[in-house]
Amino acid sequence: MKQENLSFSTDIHELYSLLKKSNHVVILTGAGFSTESGIPDFRSKGGWWKNIDPLTVATVNALEDNYDLFHEFYSFRIKALENCAPHEGHHILGRWQNKGMIAHIATQNVDELHEKGGSSSVDHLHGTILSYRCHECQSEASKIEFLKKESCSHCSGKLRPNVTLFGEALPDQAWKHSLRQIQQADLVIVIGTSLQVYPVNQLPTMTRGKTVYINKEVNDEHTFFDLVIKGSAKETLMKVDQLFEK
Ligand code: NAD
Ligand code: ZN
């Protein structure tokens, strides 16, 4: 067996034994968890959308001062999501959660694929792209109203998805609940996030439990974790799940 395969296999066994002996497991996911469902992440190599950095569009400034671009960006993402389904990794987490092997999932993803994959206890730390409101008066709006670029029927304000934009605070309840879960955890598994975005990137440091990092790209910054697995989210979870089936 090649050295690389051997170490992946050792890592899989280590994650399996950590999962078996832990009582309060919390999962934290990022955009890399959804790439295998066909949703591009933000910071991997390769263009995202029209060669525009999403970070310049996903802002309060863009919403207020460059609404055409903001609207086009989110409409593109909302429509792209219609053709995406959860992958086996989402389903595995759903099954593990239903069996009581996982206490909680905290995600930065706005696609709701964890729920579609069968997970129940999920906090959306960056909101969701599937519900909408007026940016001015906060009245609820529909997906059709947003996609048609209509104005708010109450105050004529700009409509937007319920995502957390750069420059906005995270949803308070989701943040506090996830933080409590992480503080109680004896195992935190972080999957598919570059950990570049504050404050979510602080969460793995706030547990006294063991920490695991699963990501396609890993570097020296990740030596903080007790276990680092360089691999795809789906493949890694499938390999661990197979050990539980034996
Ligand atoms: P990211 O793109 O920064 O990082 C994704 C990571 O996943 C990368 O390190 C990549 O190597 C890894 N990866 C890719 N495919 C993988 C796979 N199949 N398996 C395992 N790892 C894989 O995404 P992030 O860390 O989630 O970004 C943080 C947050 O920034 C986002 O969730 C989002 O809320 C926010 N953001 C939002 C927008 C927006 O449009 N609202 C735009 C940019 C960033
Ligand atoms: Zn309004």
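1. Notes on the overall build of the protein chain
Turning to step 1, where the next piece is worked out: The number of helices and strands found in the protein chain is eight helices and nine strands.
Turning to step 2, where the next piece is worked out: Relative to the 2.2 N^0.38 estimate, which gives 18 Å for 246 residues, the radius of gyration of the protein chain is 19 Å and therefore close to what a compact globule would have.
Turning to step 3, where the next piece is worked out: Seen through its C-alpha atoms, the protein chain measures out along the principal axes to roughly 60 × 35 × 30 Å.
Turning to step 4, where the next piece is worked out: Here the protein chain holds 246 residues, and the buried ones make up 52% of them.
Turning to step 5, where the next piece is worked out: A total accessible area of about 12,300 Å² is found for the protein chain, and carbon and sulfur atoms account for 48% of it.
Turning to step 6, where the next piece is worked out: Taken as two groups, the 26 positive and 30 negative side-chain charges of the protein chain have centres that lie 4 Å from each other.

2. Observations regarding unusual backbone geometry
Turning to step 1, where the next piece is worked out: The residue after Tyr198, namely Pro199, is reached through a cis peptide bond having omega 0°.
Turning to step 2, where the next piece is worked out: Mapped onto the secondary structure, Pro199 falls in the loop between strand S7 (187-191) and strand S8 (210-215).
Turning to step 3, where the next piece is worked out: The phi dihedral of Glu112 is positive, around 60°, even though this residue is not glycine.
Turning to step 4, where the next piece is worked out: According to the relative accessible area criterion, Glu112 is partly exposed, its value standing at 25%.
Turning to step 5, where the next piece is worked out: Positioned with a positive phi, Gln138 is a non-glycine residue whose angle comes to about 70°.
Turning to step 6, where the next piece is worked out: For Gln138, the location among the structural elements is in the loop between strand S4 (127-134) and strand S5 (140-141).

3. Comments concerning the nonpolar core
Turning to step 1, where the next piece is worked out: Leu15, Ile189 and Val212 are the most contacted members of the largest nonpolar core, which totals 26 residues.
Turning to step 2, where the next piece is worked out: Per-element accounting of this core gives the leading share, six residues, to helix H1 (residues 3-21).
Turning to step 3, where the next piece is worked out: What Ile189 contacts, discounting residues up to four positions off in sequence, is Leu15, Leu19, Val25, Val26, Ile27, Leu28, Val212 and Ile214.
Turning to step 4, where the next piece is worked out: Judged by nonpolar contacts, the second largest core, of 23 residues, contains Tyr74, Val110, Tyr132 and Val163.

4. Details of the coordination of the zinc ion (ligand 2)
Turning to step 1, where the next piece is worked out: Only Cys134 (SG), Cys137 (SG), Cys152 (SG) and Cys155 (SG) from the protein coordinate the zinc ion (ligand 2), and they sit 2.3 to 2.4 Å from it.
Turning to step 2, where the next piece is worked out: Each donor residue of the zinc ion (ligand 2) lies on one chain, and together they are spaced C-x2-C-x14-C-x2-C.

5. Thoughts on the pattern of salt bridges
Turning to step 1, where the next piece is worked out: One pass over the full model with this rule turns up seven salt bridges.
Turning to step 2, where the next piece is worked out: Among the salt bridges present, the one from Glu88 reaches Arg95, with a minimum N-O distance of 3.1 Å.
Turning to step 3, where the next piece is worked out: Since its relative accessible area comes to 35%, Arg95 is described here as partly exposed.
Turning to step 4, where the next piece is worked out: In this structure, Asp241 and Arg95 form a salt bridge, with 3.2 Å as the shortest nitrogen-oxygen distance. Of this pair, Asp241 sits in helix H8 (residues 233-245) while Arg95 sits in helix H4 (residues 88-98), and the two are 146 residues apart along the sequence.
Turning to step 5, where the next piece is worked out: Overlapping salt bridges, with partners in common, bring together Glu88, Arg95 and Asp241 in one network.

Reading the values: rules and limits
- Residues numbered from 1 in each chain as written.
- Chains lettered and ligands numbered in written order.
- Predicted model: local features only at pLDDT ≥ 70, side-chain atom pairs only at ≥ 80, totals over all residues.
- Heavy atoms only, no water.
- Helix = DSSP H or I, 4+ residues; strand = E, 2+ residues; numbered from the N terminus.
- Rg over C-alpha atoms; globule rule 2.2 N^0.38 Å.
- Buried < 20%, exposed > 50% of the residue type's maximum accessible area, 1.4 Å probe, protein only.
- Areas by Shrake-Rupley, 256 points an atom, 1.4 Å probe, with all protein chains shown as cover.
- Lys, Arg positive; Asp, Glu negative; His and termini not counted.
- Charge placed at Lys NZ, Arg CZ, Asp CG, Glu CD.
- Core = buried A, V, L, I, M, F, W, Y, C linked by side-chain atoms within 4.5 Å.
- Contact = heavy atoms within 4.5 Å.
- Donors = N, O, S within 2.8 Å, 3.2 Å for Na, K, Ca; no water.
- Salt bridge = Lys/Arg side-chain N within 4 Å of Asp/Glu carboxyl O.

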